[in-house]
Amino acid sequence: MAEPSEDIQQFAKGKAVDVLIVGAGPTGFMAAATLARYGVPFRLIDKRPQQIFRGQAAGFQPRTGEIMHSLGFQHILAKHGTALTETSFWMGTKCGLQRSKRSPEPEVIDATPYRYVTAMHQGHTESMFIEDLASRGISVDRSVAYVDHINSGSGEYPLKTHLKNWISGMTEEVPVKYILGCDGGRSAVRQRLAIESSIHHTNDTWAVADVWAKTNFPDVRRRSNIRTEQGSLMLIPLPNSGVRVYTLLTKEEDETLLKSRYDGVGDERTNNETVIGMLTKRAKSVLKPYEIEITKVDWVSRYLVAQRITNSFAEEGDHVFILGDACHTHSPKAAQGMNVSMNDAYNLTWKLALTLRGLAKSSLIKTYQIERRHIAQQLVDFDEKFSHLFASLENMEDPQLHDMYVLNRGFVSGCGHRYPAGLLVDENVDVKIVKGATDPMTPGKRLMPVRLTRHIDGILVSSLDDMPSNGHFRIIVFAGSRLQTGALDRQSSYLSGNDSPLTLYHSPSESSNGEPESGISKANNLNYNPARDPATVIDLFLIHTSPHLKTPIESLPPPFPEWQATIYEDVDGNAHGELGVEPDVGALVVVRPDGYVGLVTGLDGMERVGGYFGRFLRGAINGTA
């Protein structure tokens, strides 16, 4: 057992908490927002005295946009963000600065409701999360820093965590079950765990600024990658005609800033000893013959970045985890940092929630490191190659940079991420899925959002609306045109029995919105929606192609009438077709709480569904392992 830090002499006893989140950036806020929705008690601390109000992380990729939608934040991104739909590539040639013949390129090629990247600075992002948490009676505990923790390895709260309040000077010892280190590239949690990193590339120094500018550069409202012998620039349009400007500094420029009497800071756009001065000079030289005049600076920064990934994402024993920049860092060129980091939290928190409810086997929590390190390794490998090509000032007409970007657009958007086969991903697909479909259902990939007509009210909805981030698994029955053929009879018998996943993993002791005092059965109670029941772990969805007005819900076999709020008509079989399901064959799919496909099988594969859950869940009623 580790000893506490030497500077801790006295401390006050703090209130025990299930989860301590260290760091209130986008990663920590994603962890907090999801845990709050899953009903998990937590404490969110940040050593900063106040939130960030401008600059910092700025790009929401399409997959992150889908997640924001499932959390109910889509209106915030629409209000404060700007959509980037095309990426332009420019290069310096013997004839001057020219746009690539194959550009502008679509920013997003994936099938998604968010066919664009949303640019919105971190100030709006943090405010969005802060307001959401405040509506739930939760606030950030600021000016509070993580110091260390001691893992006793036993007891209900195995971690004794020491926190330092920088205002009062008091040190607090807090009993904790789990710690999430979301505290950035210089993570104190990672340092305490003494986790080492594998460095893929030497440190690069970047200059970045959010500015207002007058320019005749034609692609200023597109995301633009520009390479010339004078250097490279990346331009990202921001809301209200603002522009984010990135450039990679040379070693000589970086040394000049370090030796500067200004320490590199300040708003002196004509001074070569400030970051904004160097960036202004670079922009003017790279964009020639076009002109640019920076009229206002909202935010400017200089930072070191290396492509690196930690050897582990968790402490042995799986009670302390690191997320985001604490375990992987890379350049800003592909707008991945915030997105991959937030998805770390989105992957981990539902697993924590099931573990804290006593429903998960110990093997479930281990999948966080397996799955997220797999994605992080792919990102670091891609970023290392992309960064090298972006920084190269040789052979400007070489199309490799453009080609690599195009080849990896599915990965960059997040919609192409695929988790490896393992405990939560069964790659054995034993039903025909059309490979040429828009986005075929594939184990390990997220289920593409689709449009459906809800059975009980005839409203056309997005699956993102009716499958919110509530921590539930989904069993989705794509019945196609087989609804009236008795195809559901075998499923009905299985799902209504004592061995059904819907029965085994439901917690009847928890508060429920189920039976009203009148005694009306759940199946006939229009106010009851099992998918919104806090005792529910697995939701049942039925999607068919029969006319919903000619298909009475009460005519369906049990337990489907009880799930009337999650029964849908797929008009003309569009959703079936987009996902590769043949309407006359159908399919069963298990979707994880994070929206990724865990299992695809045929309509007669209910036993496979039960076996899937039995690998990592414990029965809530009879304690089955």
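These remarks concern the structure in this document. (Residues numbered from 1 in each chain as written. Predicted model: local features only at pLDDT ≥ 70, side-chain atom pairs only at ≥ 80, totals over all residues. Heavy atoms only, no water.)

Quick word on the overall build of the chain
When helices and strands are counted, the chain shows 16 helices and 29 strands. Here the chain holds 625 residues, and the buried ones make up 58% of them. In the chain, the proportion of contacts linking residues at least 24 apart, taken out of those at least 6 apart, comes to 73%. For the chain, the accessible area works out to roughly 25,800 Å², and carbon and sulfur atoms hold 49% of it. (Helix = DSSP H or I, 4+ residues; strand = E, 2+ residues; numbered from the N terminus. Buried < 20%, exposed > 50% of the residue type's maximum accessible area, 1.4 Å probe, protein only. Contact = heavy atoms within 4.5 Å. Areas by Shrake-Rupley, 256 points an atom, 1.4 Å probe, with all protein chains shown as cover.)

Points about the pairing of strand β28 (residues 587-591)
By the criterion of burial, β28 is predominantly enclosed, with five of the five residues buried. Covered by surrounding structure in β28 are A587, V589 and V591 together with L588 and V590, the residues of both alternating faces. Two strands pair when backbone bridges link them, and strand β25 (residues 473-480) and β28 are joined in this way by five bridges, in the antiparallel orientation. Counted as the bridge partner of V477 is L588 from β28. In this sheet, strand β29 (residues 597-601) lies alongside β28 in antiparallel orientation, the contact comprising four bridges. Among the inter-strand pairings, V590 is bridged to a residue of β29, identified as L599. Linking β28 to β29, which pair antiparallel, is a turn of five residues; within it G595 sits at a positive phi near 90 degrees. (Pairing = 2+ DSSP bridges.)

Section: the sheet that holds strand β22 (residues 328-329)
With antiparallel pairing, three strands are arranged side by side in an open sheet as β14-β20-β22. Strand pairing shows two members of the sheet lacking a second neighbour, β14 (197-199) and β22, which therefore form its edges. Bridging between strand β20 (residues 308-310) and β22 involves two bridges; their strand directions are antiparallel. From the neighbouring strand, R308 faces β22, where its bridge partner is T329.

Here we look at the packing of helix α1 (residues 26-38) against helix α4 (residues 122-134)
Contact geometry for α1 and α4: axes closest at 10 Å, N-to-C directions at 25 degrees. Taken together, the axes of α1 and α4 are roughly parallel relative to one another. Crossing hand, α1 versus α4: left-handed. Within the contact between the two elements, α1 uses P26, F29, M30, A32, A33, A36 and R37 and α4 uses Q122, E126, F129, I130, D132 and L133. Of the residues assigned to the contact of α1 with α4, the class counts are nine nonpolar, one polar and three charged. (Axes fitted to C-alpha atoms, helices over the stretch in contact; angles between N-to-C directions. Parallel < 35°, antiparallel > 145°, perpendicular 65-115°, else oblique. Left-handed = near helix turned anticlockwise from the far one by under 90°. Nonpolar A, V, L, I, M, F, W, Y, C, P; charged D, E, K, R; others polar.)

A closer look at the sheet that holds β25
Picture the strands of a sheet paired through backbone hydrogen bonds; they go either parallel or antiparallel. Across the sheet, seven strands lie side by side as β24-β23-β27-β26-β25-β28-β29; this open sheet has mixed pairing. Among the strands making up the open sheet, the edge pair consists of β24 (460-462) and β29. With strand direction ignored, the average angle separating the axes of adjacent strands in the sheet is 30 degrees. Of the strands in this sheet, β25, β26 (538-544), β28 and β29 touch helix α16 (residues 606-614), which is tilted by about 155 degrees from β29.

Some thoughts on the packing of aromatic side chains
Scanning the model with the defined rule gives 19 aromatic pairs in all. Seen in terms of ring centroids, F29 and F129 are 5.7 Å apart; in terms of plane orientation they differ by 0 degrees. Their pairing is stacked. Here F129 lies in helix α4 and F29 lies in helix α1, a separation of 100 residues in the sequence. The same class applies to F29 and to F129, which are both buried. Pairing W206 with Y246 gives two aromatic rings, centres 6.2 Å apart and planes at 85 degrees, and the pair type is edge-to-face. (Phe/Tyr/Trp six-rings, centres within 6.5 Å; stacked < 30°, edge-to-face > 60°.)

Concerning the nonpolar core
I21, M68, L180, F321 and F613 are the most contacted members of the largest nonpolar core, which totals 100 residues. No other element matches the nine residues that helix α8 (residues 337-356) contributes to this core. Other than its neighbours up to four places away in sequence, L180 contacts V19, L20, I21, V22, A31, F321, L323, L348 and L352. In this structure, W90, L235, V243 and A283 belong to the second largest nonpolar core, which totals 24 residues. (Core = buried A, V, L, I, M, F, W, Y, C linked by side-chain atoms within 4.5 Å.)

Some details on helix α6 (residues 251-259)
Among the residues making up α6, those that are buried are E253, D254 and L257. Along the axis of α6, the buried positions cluster into a sector of 100 degrees, meaning they face one direction only. For α6, exposure combined with an orientation more than 90 degrees from the buried face picks out K251, E252, L258 and K259. In this fold, the buried residues of α6 make contact with β15 (204-215), β18 (242-248), α7 (275-287) and β19 (292-305). (Arc of directions from axis to C-beta.)

Topic: α16
All of the buried residues in α16 are M606, V609, G610, Y612 and F613. Projected down its long axis, α16 carries its buried residues within an arc of 155 degrees, all on one side. Residues of α16 that are buried in the fold lie against β25, α13 (489-495), α14 (501-504), β26, β28 and β29.

Remarks on the state of the cysteines
Applying the stated criterion across every chain yields a total of zero disulfides. Cysteine C327 remains unbridged, with the sulfur of C182 as its closest cysteine sulfur at 9.0 Å. Given the relative accessible area of 2%, C327 is considered buried. (Disulfide = S-S within 2.5 Å.)

The values are spatial; any link to function lies outside them.
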